[in-house]
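Given next are the chains, with one letter for each unit.
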Amino acid sequence: DSHVLKFTKEGKFLAQYGKPGARKTGEKDGQPIYTRNSSDPVSFGRVAKIGIDAEANEAYIADGYFNRRIAVLDVSTGAIKRFWGAYGNKPDDADLPRYTAGEEPQKTFRGPVHCSEISKDGLVYVCDRNADRIQIFQKDGTFVEEVFVATETLADGSVWDIDFSADEAQTYLYVADG
């Protein structure tokens, strides 16, 4: 939905960030109509995964099953501190053409924006699943680089999730290819 719930490790409810149903804008023929709003300063669009930067007290929200952005929250208050789209640009909610392998990459996240993980060196790795790419950012949203994975993968894309190896240098990046 369009909100995130916060609990203790024991399961006690602590807070709700965002508003339930915020993306629902009406109904047609008895079916709900939802509208993207990747610039909403309060609510989300079907969050996929949350990366935590405990030192900065921030949560990096892969706000990407419906919206097309990374949103950074203050973990204590739930306030959205900043957000960005692909290449560190303002998120773009326009309809996209069908993905074609080898095409010029879209300047917006294709979606779903499926993960956001913070490496030990302070970079934010973002899965743009259906675009078969990982985009890497500084914590302020400044674009660093992108890496393409199995670009001939169509339909549900190749970059479903990522994780870093447990060694001190995080030598390896693991990619879950759906």
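Now for a description of the structure that goes with this document. (Residues numbered from 1 in each chain as written. Predicted model: local features only at pLDDT ≥ 70, side-chain atom pairs only at ≥ 80, totals over all residues. Heavy atoms only, no water.)

### Some thoughts on the packing of aromatic side chains
According to the stated counting rule, one finds 8 aromatic pairs in the structure shown. Measuring from centroid to centroid gives 6.4 Å for phenylalanine 109 and phenylalanine 137, while their planes differ by 75°, and the two rings are edge-to-face. Within this pair, whereas phenylalanine 109 is found in the loop between strand E8 (80-84) and strand E9 (113-118), its partner phenylalanine 137 is found in strand E11 (residues 133-137), the two being separated by 28 residues in sequence. For phenylalanine 137, a relative accessible area of 0% translates into the label buried. (Phe/Tyr/Trp six-rings, centres within 6.5 Å; stacked < 30°, edge-to-face > 60°. Helix = DSSP H or I, 4+ residues; strand = E, 2+ residues; numbered from the N terminus. Buried < 20%, exposed > 50% of the residue type's maximum accessible area, 1.4 Å probe, protein only.)

### A look at the pattern of salt bridges
Per the counting criterion, the structure on display carries 13 salt bridges. The partner of glutamate 146 in a salt bridge is arginine 133, with the nearest N and O atoms 3.4 Å apart. Separated by 13 residues along the polypeptide, glutamate 146 in strand E12 (residues 143-148) and arginine 133 in strand E11 bring together distant segments of the chain. On the accessibility criterion, glutamate 146 (21% relative accessible area) is partly exposed. (Salt bridge = Lys/Arg side-chain N within 4 Å of Asp/Glu carboxyl O.)

### Here we look at a nonpolar patch on the surface
A cluster of nonpolar side chains, Leu5, Phe7 and Phe13, forms an exposed patch at the surface whose accessible area comes to about 290 Å². Looking at the secondary structure, you find phenylalanine 7 in strand E1 (residues 3-7). By relative accessible area, which is 42% here, phenylalanine 7 ends up partly exposed. (Patch = residues over 30% accessible without salt bridge, like charges linked within 9 Å, V, L, I, M, F, W, Y side chains within 5 Å. Areas by Shrake-Rupley, 256 points an atom, 1.4 Å probe, with all protein chains shown as cover.)

### Observations regarding the sheet that holds strand E6 (residues 58-63)
Strands sit in the order E5-E6-E7-E8 across an open sheet of 4 strands; the sheet is antiparallel. Every other strand in the sheet has two partners, leaving strand E5 (49-53) and E8 as the edge strands with one partner each. Put simply, the sheet's adjacent strands are angled 20° from each other on average, direction ignored. With 4 bridges joining them, strand E7 (residues 69-74) and E8 adopt antiparallel strand pairing. When the sheet's bridge partners are listed, alanine 71 is paired in E8 with phenylalanine 83. (Pairing = 2+ DSSP bridges. Axes fitted to C-alpha atoms, helices over the stretch in contact; angles between N-to-C directions.)

### Quick word on the state of the cysteines
The tally for this structure, following the rule as stated, stands at 1 disulfide. Each sulfur in the disulfide pair cysteine 115 and cysteine 127 lies 2.0 Å from the other. An S-S torsion of about 65° defines the bridge between cysteine 115 and cysteine 127 as right-handed. You can see cysteine 115 sitting in strand E9 and its partner cysteine 127 sitting in strand E10 (residues 124-128), a full 12 residues away along the chain. A single burial state applies to cysteine 115 and to cysteine 127, both of which are buried. (Disulfide = S-S within 2.5 Å.)

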